[in-house]
Amino acid sequence: MLRCVTDPTPDDTAAQAVQVARLYYHQGLTTDAIARELGLSRPKVSRLLTLARRTGLVEIRIHDPQAQPQSLEAQLRAHYPFLHPQVVSVPPGSPENVWLERVAVAAARLLGQVLRPGQIVGLAWGTTLDAVSRALTPRPVTNLQFVQLNGSANALDFMSGFVTDTITRFAANYGARAHLFPVPTFFDDPATRAAMWRERSVQHVLDLQNHADVLLYSVGAASAQVPSHVYAAGYLDDADLHALRDQGVAGDIATVFFRGDGSYAGLPINARSSGPDLGLTRRVQHAICVVSGLGKVEALRAALAGELMTTLVIDEVTARTLLAPGP
């Protein structure tokens, strides 16, 4: 922003400097054009512009589009000292699908910086991670493994192609091995889940999950404008959704649900879920949560209350709403 200070002054030179500044900054005239219009030499015009800047007759402020995200990152660190936030700028007035695209690119870039040979990466699945998988830059990483954190089978589809495509896309991008988890997202009976967890093939996947170095996931929310896949693709029936509301559930991570305070113990649906104990998010070195969209704010706020991440990649509009005082 540019502001010309026009308080009256007896100094004719200062008045002339203001006149030159208006023509140069407000009207966009060149120094040659100003010199011709005012009958001055071009060096004289340049000296008057320098005088206007040096004496404060003209103030120049640069509005850095990156400054707002940096300010929001500082506020997030102040609110959540355990958190490493990355706030992504988005075009003013843009729709949420554009925010998701920008955040997905930032998350893909961050993942590429974090990955090291020999690591195990635990992946949840959903709309957000599918977007991240499409924004990756190919780079081979030696002896890297990706493991699916929760099952993807529902009553309509034993193994969701949407999910397997996402996981295998990550692995192919880095020349890594993908470990899929071909079990139901939710079991009908907790006893069935307990029996399945004793199978050696399942225990192998569970062991990889527990030894993960990096986790990548989002928070699920039923109210998101870009719907969380678990809520939009038939994994939960009406009775499940009503029960979750009655129990004060705010959202989920890898189909493990948590309340508004971030707690998750004792929720009946979690005994049927194929997702990991969310304590895993506190044990790994990099627990990267990727969030975009205003419908996910309450779920994200709850996850932060439970300290269910170490790193957050988020768009600036969602971050600003997250930090806004409650009603």
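Reference entry: report on the structure contained in this document.

Conventions adopted
- Residues numbered from 1 in each chain as written.
- Predicted model: local features only at pLDDT ≥ 70, side-chain atom pairs only at ≥ 80, totals over all residues.
- Heavy atoms only, no water.
- Helix = DSSP H or I, 4+ residues; strand = E, 2+ residues; numbered from the N terminus.
- Buried < 20%, exposed > 50% of the residue type's maximum accessible area, 1.4 Å probe, protein only.
- Contact = heavy atoms within 4.5 Å.
- Areas by Shrake-Rupley, 256 points an atom, 1.4 Å probe, with all protein chains shown as cover.
- Salt bridge = Lys/Arg side-chain N within 4 Å of Asp/Glu carboxyl O.
- Axes fitted to C-alpha atoms, helices over the stretch in contact; angles between N-to-C directions.
- Parallel < 35°, antiparallel > 145°, perpendicular 65-115°, else oblique.
- Nonpolar A, V, L, I, M, F, W, Y, C, P; charged D, E, K, R; others polar.
- Pairing = 2+ DSSP bridges.
- Phe/Tyr/Trp six-rings, centres within 6.5 Å; stacked < 30°, edge-to-face > 60°.

## Things to note about the overall build of the chain
Line of reasoning, step 1. Of regular secondary structure, the chain possesses 14 helices and eleven strands.
Line of reasoning, step 2. Here the chain, with 327 residues, has 50% of them falling under the buried criterion.
Line of reasoning, step 3. Expressed as a percentage of contacts within the chain between residues at least 6 apart in sequence, the contacts between residues at least 24 apart total 71%.
Line of reasoning, step 4. Accessible surface, the chain: about 15,700 Å² in total, of which carbon and sulfur atoms supply 52%.

## Considering the pattern of salt bridges
Line of reasoning, step 1. In the structure shown here, the tally under the stated rule is six salt bridges.
Line of reasoning, step 2. With a closest N to O distance of 3.1 Å, R169 and D130 form a salt bridge. Taken as a pair, R169 in helix 7 (residues 161-174) and D130 in helix 6 (residues 127-133) lie far apart in primary sequence, 39 residues in all.
Line of reasoning, step 3. Looking at R169, the relative accessible area reads 23%, which means it is partly exposed.
Line of reasoning, step 4. Between D240 and R272 there is a salt bridge; the shortest N-O distance is 3.2 Å. In this pair, D240 sits in helix 11 (residues 238-246) while R272 sits in the loop between strand 9 (256-259) and helix 12 (280-283), placing the two residues 32 residues apart along the sequence.
Line of reasoning, step 5. Note on R272: relative accessible area 17%, which makes it buried.
Line of reasoning, step 6. Three or more residues are tied together by salt bridges with common partners; here these are D130, R134 and R169.

## Some words on helix 2 (residues 31-38)
An α-helical segment advances 3.6 residues per turn. Residues three or four places apart therefore align on the same side.
Line of reasoning, step 1. Of the positions making up helix 2, those classed as buried are A33, I34 and A35.
Line of reasoning, step 2. Residues of helix 2 that are buried sit in contact with helix 1 (12-26) and helix 3 (42-54).
Line of reasoning, step 3. G39, located one to two residues past helix 2, shows a positive phi value of around 70 degrees.

## What about the environment of W99?
Line of reasoning, step 1. Looking at the secondary structure, you find W99 in helix 5 (residues 96-114).
Line of reasoning, step 2. Looking at W99, the relative accessible area reads 7%, which means it is buried.
Line of reasoning, step 3. Along the primary structure W99 and S89 are separated by ten residues, whereas in three dimensions their C-alpha atoms are 8.4 Å apart.

## Quick notes on the packing of helix 2 against helix 3
Line of reasoning, step 1. Taken N-terminus to C-terminus, the directions of helix 2 and helix 3 make an angle of 105 degrees; their axes are 8 Å apart at the nearest point. Relative to helix 3, helix 2 is oriented roughly perpendicular. Here T31, D32, I34 and A35 of helix 2 come into contact with helix 3, specifically with R42, V45, S46 and L49.
Line of reasoning, step 2. Classifying every residue of the contact of helix 2 with helix 3 gives four nonpolar, two polar and two charged.

## Quick look at helix 13 (residues 297-305)
Line of reasoning, step 1. Turning to helix 13, its buried residues are V297, A299, L300, A302, A303 and L304.
Line of reasoning, step 2. The inward-facing, buried residues of helix 13 contact strand 8 (249-253), strand 9, strand 10 (286-291), strand 11 (311-315) and helix 14 (316-323).

## A word on the sheet that holds strand 6 (residues 177-179)
The strands that make up a sheet are held in pairs by hydrogen bonds between backbone atoms, and each pair lies either parallel or antiparallel.
Line of reasoning, step 1. The parallel open sheet is built from seven strands, whose spatial order is 3-11-10-7-4-5-6. In the strand order of this sheet, the two ends are held by strand 3 (84-88) and strand 6, each with one partner. The mean inter-strand angle of the sheet, taken between neighbouring strand axes irrespective of direction, is 20 degrees.
Line of reasoning, step 2. Across three bridges, strand 5 (residues 145-148) lies against strand 6 in parallel orientation. When the bridges of strand 6 are listed, Q145 appears paired with R177.
Line of reasoning, step 3. Contacting strand 4 (120-123), strand 5 and strand 6, helix 9 (residues 200-210) crosses the sheet at an angle of about 115 degrees to strand 5.

## Considerations on the packing of aromatic side chains
Line of reasoning, step 1. Summed over all chains, the structure comprises seven aromatic pairs.
Line of reasoning, step 2. Considering the side-chain rings of Y24 and Y25, the 5.0 Å spacing of their centres and the 90 degrees angle between planes classify their relative orientation as edge-to-face.
Line of reasoning, step 3. A residue is classified by how much of its surface remains accessible, and Y24, at 33% relative accessible area, is partly exposed.

## A short note on the environment of R193
Line of reasoning, step 1. Mapped onto the fold, R193 is located in helix 8 (residues 190-196).
Line of reasoning, step 2. Spatially, the C-alpha atoms of R193 and A271 are 8.1 Å apart, while their sequence positions differ by 78 residues.
Line of reasoning, step 3. Leave out the neighbours within four places in its chain, and R193 touches F187, A271, R272, S273, S274 and G275.

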